[in-house]
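Secondary and tertiary structure notes
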Amino acid sequence: MRNKKTLGNSLRAYFSKPANVITVIFLIVLLLTVVLPLSTLLIGSFKVNGNQEAIWIDQDGVEDGSWTFHHWIELLTSKEYNYASTKFWAPLGGSALMAALACVVAVLFGGVVAWFITRSDLPAKKFISTVFVFPYIMPSWSMAMFWENFFKNTEINAGMGILQSVTGICVPESMVYGLVPCAMSLGLHYAPFAYILIGGILRNMDANLEEAATVLKASRFKILYKVTLPIVLPALVSTVLLVFSSSISSFTVPFFLNKSSINSGNNFVSISVQMRNLINTGFTKGQGYVVAIVLMMFSIGILTLNNWFTGKRKSFTTVTGKSGQVSLVKLGKARKVIAVILVIIVAFFAIMPLASFAMESLLEVPGDWSSFTLRYWLSREVFEGSNKGDTIGILMSPTMWKAMGRSLLLSVLVSLVAGSFGILIGYAVARKRGSKAATLVSDLAFLPYLIPSMSFGAVYLALSYTKGFTWLDGSFILLLLVGSIKFMPFASRTGTSAMLQLSGEIEEAAIVIGVPWWKRMTRVLFPIQKSSFISGYLLPFISCMREMSLFVLLAASYTTLVTTVLQEYSRTGLNQASNAINLLIIIFVLVIQFAVNKLTGASIDKGVGG
Amino acid sequence: MPKIILEHVTKRFDKFVAVDDLNMVIEDREFITLLGPSGCGKTTTLRQIAGLETPTEGRITIGDTVVFDSEKNINISPAKRDIGFLFQNYALWPHMTVYQNISFGLENLKWPKDRIRQRVSEMLAMLKIEQFEKRYPSELSGGQQQRVAIARTLAPEPKVLFMDEPLSNLDAKLRLEMRTELKRLHAETDSTFVYVTHDQLEAMTLATRICLMKDGVLQQYDPPLEVYNNPANLFVADFVGNPTMNFLPGTARVLDETHAEVTVLGRSFLFESDAPLGKPEGEDVVLGVRPEFIRLGSGGMEGKVYAALPAGMETTVQMTMGDQLVTSVEFGSVDYKANSPMRFEFHGQGLILFDKKSGKKLGRGSATQR
Ligand SMILES: Nc1ncnc2c1ncn2[C@@H]1O[C@H](COP(=O)(O)OP(=O)(O)O)[C@@H](O)[C@H]1O
Ligand SMILES: [Mg+2]
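Everything numeric in this text was worked out from a predicted model, so none of it was measured. (Residues numbered from 1 in each chain as written. Chains lettered and ligands numbered in written order. Predicted model: local features only at pLDDT ≥ 70, side-chain atom pairs only at ≥ 80, totals over all residues. Heavy atoms only, no water.)

**A few points about the overall build of chain A**
- Within chain A one finds 29 helices and zero strands.
- Against the globule reference of 25 Å for 610 residues, chain A gives a C-alpha radius of gyration of 26 Å, in line with a compact fold.
- For chain A, the spread of C-alpha atoms along the three principal axes comes to 75 × 70 × 50 Å.
- Burial statistics for chain A: of 610 residues in total, 55% are counted as buried.
- Taking all contacts inside chain A whose residues are at least 6 apart in sequence as the whole, residues at least 24 apart take part in 72%.
- Side-chain charges in chain A split into 48 positive and 28 negative, and the spacing between the mean points of these groups amounts to 17 Å. (Helix = DSSP H or I, 4+ residues; strand = E, 2+ residues; numbered from the N terminus. Rg over C-alpha atoms; globule rule 2.2 N^0.38 Å. Buried < 20%, exposed > 50% of the residue type's maximum accessible area, 1.4 Å probe, protein only. Contact = heavy atoms within 4.5 Å. Lys, Arg positive; Asp, Glu negative; His and termini not counted. Charge placed at Lys NZ, Arg CZ, Asp CG, Glu CD.)

Below you can see the structure in the form of structure tokens.
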């Protein structure tokens, strides 16, 4: 009896703290939205999924729904026609190589720019840092599209690209399609991400740490590799790991740059493209799930490694000590030269893609200015795609506009849900620092980041076919759910780091004068870290607006999004129209990002700083 | 050996002048404090001498070497100036152990391994931090971190040691202890110390000479007692000393080279200066009287006790006379009732006469009531 009473009391005491309530609620929500779908995926990889698959496996006693190790064994070990090698190991190896290359490009490019912006007296910093993040704001396939637009040439039967039309140079096919171009476009896309992470640490890093080494007669080089690098190493490692795990499972880029003829040797099937093929054939679904699980294990392993690495004894927490003066490294005579070079490079990768999309959308024959046309923007001709009512001119297509509106609505809702969840999670994690439950919530909330978009979509697709959930199939709610969960990691990271910067005393000062929790959140905590929190809303918005692979499997004909419309145009070969839509999306996202930045001071480079 | 000379050193951040035409000579083995309110340019000055900040104009010489000259375009890097620098926030490298933090500078000097080992042990023992050798900075308390920072700075035996408010992050007790340690350190090593602080007591107790600054301009550069007894202007007089000096506004009429008739507190005094009087810019003056130069219990002035603050060894007594508050310090513990009448007078040779308009000192001496 007494025991029961104390249990009741301690439960009541536990739930009287908002942080505990939030922790418990999110634990449940995340178990349902992240862990449950993932386990269906896991189970699916050990089961026969459908009759087609049962026939394909062709073993005694194997029927739809029975347990089997066949998917794993076949995909990982089968030597018949080199099956395991061509379907799994080669694509995996190729993708890993691509991801590693992308990391090198992103970290070198992003890191060097970050160093110049935060540590030197480079002129034109504002311009460089603003424009440098453009490629990250663009949809991830934009760089791939630009790469193709730039390098393609008539020698490889791909139409005239910018390089050829300007200089007449025709690069070999391996520079236009295949592994290296994929890696380059991914690297360029993620370089701003590296810049944001590394720059954040460099900016917070006490300049005195380097000066102390200078005074103790360490050479510049020695300071760099004995002091600066070790201190930014956690950020560097985080960047490498995140870029690696995003790149290895990237679908759109390899999908886009995989156009070369099979026999040219530049044919590069990435593991994610392979996964989609396996799932789509209908009789190897289980094997597709195996790939998804392997990719996720990669990511989870990477996350664990990352946590182990940043959680070590030589805690880097002291790094954030505020330093009064930051003395910038004098670049001397090189100052102007470096600035000019950087401005050109940065502007090239930020503005040229836009220009190339515009150009592509305006030319009937790529590279041929005499074929200038506004047809793909303004024509009312009917376009025979799968979406009824499409016209060739995208601005005239009611479907396009409806999809645009829907994308916008979806992105706004996703950003509201993900952003608010992120703040709440950040609050719980910061207040309950170190507790097991809070750590679990924070890890679970980050997990969706590491699940390849494509597999995440697939998981929810599977869920919407499951009994009891069929009402989700193709619905807007489903898109909202998937989007909110998938883009929550950004918001929860931002929320957590912003909350951690607020000392508990700030809230306690309000508690002692009896301000209720809700008011403390909205009137005290939120205003103080306003710009960080708003960044937590902005990131999911931008990511959702430009997302394709996540939604491509889920959007039904009555819930098309602007990116799925783009895909439809691209699939049917109307390259001009898909370029036009891409340009439209980018401009849209850029305008919104600038408007929010001007109005609230929030920006995406503040967001990821966690 | 290393004598430091600053000539016309000026530092501008855009239009804002942080340090304005600073001239000073720091002799070998001195313990100099740069003193002044927050934002007056102390850190900037220190960093300029150390080479971490580039002056806009001027010339800095350390020992026989010109380390900076804006006209000749000389700017020697901090690494070549043979200095040590103790940062306000210690700036310990978080990824290195205590041992590695201390040995880093010695490795840069290419010392042999066993000598490094020996020197580090010596430093660890001297600062009583042997047991922390293998720890990382985040595992140490503020005071311990500070000792590590000192050990790291001293290990290469720099000839000149710069310190930027090294004690400001410590609690009061530890601060007092470290102050003593620093003074001993100065006696034991034969380095020159340049020390930044905004705490006048710290400056008074540590320094051989104080360099007092305000808004980037040097106010006075003298030994502590000289600054205390013979402040160059109202700002210095006000900044140094606790409780602060009494500033009594009034008028003055110069009688001859060393005498003036001064009217303050509604009474007339004969001020006798021990040196020729400066020339006032007008009639208005301020008579500066340190609390210890006010004797209670007798004399021609009468005030009302406002508050008495006994602190054991001495008692601070505040009185009102008209609308002027007057502070005095009595030796021993005495208690006076609030609002009781109290006679008092000025005594001693240490009264200072300031020109009100310029704030400059006119003379120092005695004032007798007429
Ligand atoms: N890097 C800088 N850029 C602009 N102003 C600066 C910079 N460093 C210092 N200042 C300004 O110069 C003045 C003197 O600073 P400082 O030397 O740090 O003062 P303190 O006496 O408190 O150490 C301050 O007003 C400060 O704001
Ligand atoms: Mg300072």
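Back to the text.
**Re the state of the cysteines**
Residues and elements named next belong to chain A.
- What the rule picks out here adds up to zero disulfides over all chains.
- For Cys103, which is in no disulfide, the shortest distance to another cysteine sulfur is to Cys182 and amounts to 15 Å.
- Since its relative accessible area comes to 6%, Cys103 is described here as buried. (Disulfide = S-S within 2.5 Å.)

**A closer look at the site of ligand 1**
- Taken together, the neighbourhood of ligand 1 is formed by 11 residues, with Gly39, Gly41, Lys42, Thr43 and Thr44 of chain B sitting nearest.
- Site remark: ligand 1 is flanked by residues from chains A and B.
- Within the contact set of ligand 1, an oxygen atom lies 3.0 Å away from a backbone nitrogen or oxygen of Gly41 of chain B.
- In the model, an oxygen atom of ligand 1 is placed 2.5 Å from a nitrogen or oxygen of the Thr44 of chain B side chain.
- Where the shell around ligand 1 is concerned, the elements lending two or more residues are strand E2 (16-26) and helix H1 (42-50) of chain B.
- Per-element accounting of the shell around ligand 1 gives the leading share, three residues, to H1 of chain B.
- Here the residues of the shell around ligand 1 are counted per class, giving four nonpolar, six polar and one charged. (Near = heavy atom within 4 Å. Polar contact = N/O pair within 3.5 Å; in protein donor to acceptor, adjacent residues only side chain to side chain. Nonpolar A, V, L, I, M, F, W, Y, C, P; charged D, E, K, R; others polar.)

**Examining the pairing of strand E8 (residues 160-164) of chain B**
All names here are of chain B.
- Of all the five residues making up E8, five are buried; the element is thus mostly covered by neighbouring parts of the structure.
- Taking every second residue as pointing to the same face, both faces of E8 are buried, with Val160, Phe162 and Asp164 on one and Leu161 and Met163 on the other.
- Pairing of E8 with strand E9 (residues 192-197) involves five bridges; the strand directions are parallel. Following the sheet pairing, Val160 is matched in E9 by Thr192. (Pairing = 2+ DSSP bridges.)

**Describing unusual backbone geometry**
- Of note, the amide linkage connecting Asn242 of chain B to Pro243 of chain B takes the cis form, showing an omega dihedral of 0°.
- Tracing the sequence through the fold places Pro243 of chain B in the loop between helix H8 (234-239) and strand E12 (246-254).

**Some remarks on the interface of chain B and chain A**
- Counting from both sides, the interface comprises 32 residues of chain B and, opposite them, 27 residues of chain A.
- Here chain B packs against chain A, burying approximately 2,600 Å² in sum over the two surfaces, 60% of which is carbon and sulfur.
- Summed over the three residues of chain B that lose the most area to chain A, namely Trp93, Pro94 and His95 of chain B, the buried surface amounts to 21% of that side.
- Counting across the chain B and chain A interface gives two salt bridges.
- For the salt bridge of Arg47 of chain B with Glu211 of chain A, the shortest nitrogen-to-oxygen distance reads 2.8 Å.
- Across the contact surface, chain B and chain A share seven residue pairs in polar contact (both at pLDDT 80 or more).
- Put simply, the parts of the chain that give the side of chain B that touches chain A at least two residues each are H1, strand E7 (83-86) and helix H2 (98-108) of chain B. (Buried area = accessible area lost by both parts, 1.4 Å probe. Salt bridge = Lys/Arg side-chain N within 4 Å of Asp/Glu carboxyl O.)

**Observations regarding the domain arrangement of chain B**
Residues and elements named next belong to chain B.
- We note that the domain assignment places domain 1 (4-237) and domain 2 (245-369) within chain B.
- Distance between the C-alpha centres of domain 1 and domain 2: 38 Å.
- At the junction of the two partners, domain 1 supplies eight residues and domain 2 supplies 12 residues.
- Each partner contributes to the roughly 900 Å² buried at the junction of domain 1 and domain 2, and carbon and sulfur atoms together form 53% of this total. (Domains from an automatic or database assignment.)

**Points about the packing of aromatic side chains**
- On inspection of all chains with the given rule, the structure shows 36 aromatic pairs over all chains.
- Taking 4.6 Å as the distance between ring centres and 35° as the angle between the ring planes, the aromatic pair formed by Phe85 of chain B and Phe87 of chain B counts as tilted.
- What makes Phe85 of chain B buried here is its relative accessible area of 5%.
- Exposure remark for Phe87 of chain B: the relative accessible area of 2% places this residue in the buried category.
- Site record: aromatic cluster; members linked through ring pairs are Phe109, Phe132, Phe146, Trp147, Phe150, Phe151, Tyr195, Phe348 and Phe349 of chain A.
- The side chain of Lys222 of chain A reaches across the aromatic face of Phe104 of chain B, ending 5.1 Å from its centre.
- Over the face of the ring belonging to Tyr136 of chain A we find Arg546 of chain A, whose NZ or CZ atom lies 5.4 Å from the ring centre. (Phe/Tyr/Trp six-rings, centres within 6.5 Å; stacked < 30°, edge-to-face > 60°. Lys NZ or Arg CZ within 6 Å of the ring centre and 35° of its normal.)

**Here's the deal with the sheet that holds strand E5 (residues 65-69) of chain B**
Residues and elements named next belong to chain B.
- Taken together, the five strands give an open sheet; going across it, the order is E2-E1-E4-E5-E6, and neighbouring strands pair in antiparallel fashion. At either margin of the open sheet sits one strand with a lone partner, and together these are E2 and strand E6 (74-75).
- Across two bridges, E5 lies against E6 in antiparallel orientation. Considered in E6, the bridge of Phe68 is made with Asn75.

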